[in-house]
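Okay, here's what each chain looks like letter by letter:
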Amino acid sequence: TDYYARLGVGEFASVAELKKAFLALSLRLHPDKLAGATTGELAAAKAKYHDVSEAFEILSDLATRREYDRARDKLEAEGDAGLTDVGRNDKPPPNCIDLPLSLAELFKGCRKD
């Protein structure tokens, strides 16, 4: 989840810029401002408003923003290094087989049936 994208600001945005973006989005998305909208539109606007509020809550507090940035940077670095699990699948691919081997067997080589 990219909180900066939710608010439409850059990652180096000041608190004032965050607040300005949040106020503009909240005025546009607040369910009370959408008189005459269908229930589907209201539900979508409510969900989007909740997402924007959550993003502002995280990014407007310096400590939580710093923690979010660190976690985001770590995930980005892991992705660049190829360490992230695509789809978060814990099962190995079907062609992988777990074999119990000792270090000596690995070093010298052996055959297992």
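Residues numbered from 1 in each chain as written. Predicted model: local features only at pLDDT ≥ 70, side-chain atom pairs only at ≥ 80, totals over all residues. Heavy atoms only, no water.

Visitor: Describe the overall build of the protein, listing the residues and the values that go with them.
Guide: Scanning the protein from terminus to terminus reveals five helices and zero strands. For the protein, with 113 residues in total, the buried portion stands at 19%. Pairs at least 24 apart in sequence give 50% of the contacts found in the protein among residues at least 6 apart. For the protein, the accessible area works out to roughly 9100 Å², and carbon and sulfur atoms hold 56% of it. (Helix = DSSP H or I, 4+ residues; strand = E, 2+ residues; numbered from the N terminus. Buried < 20%, exposed > 50% of the residue type's maximum accessible area, 1.4 Å probe, protein only. Contact = heavy atoms within 4.5 Å. Areas by Shrake-Rupley, 256 points an atom, 1.4 Å probe, with all protein chains shown as cover.)

Visitor: Got a sec to walk through the nonpolar core? Specific residues and values, please.
Guide: Most often, soluble globular proteins keep nonpolar side chains buried together rather than apart. In this structure, Leu-7, Val-9, Leu-18, Val-52 and Leu-59 are the most contacted members of the largest nonpolar core, which totals 15 residues. Of all the elements in the fold, those that place two or more residues in this core are helix 1 (3–7), helix 2 (15–29) and helix 3 (39–60). The element that contributes the greatest number of residues to this core is helix 2, accounting for five residues. Apart from residues lying up to four places away in sequence, Val-52 is in contact with Arg-6, Leu-7, Phe-22, Leu-25 and Leu-29. (Core = buried A, V, L, I, M, F, W, Y, C linked by side-chain atoms within 4.5 Å.)

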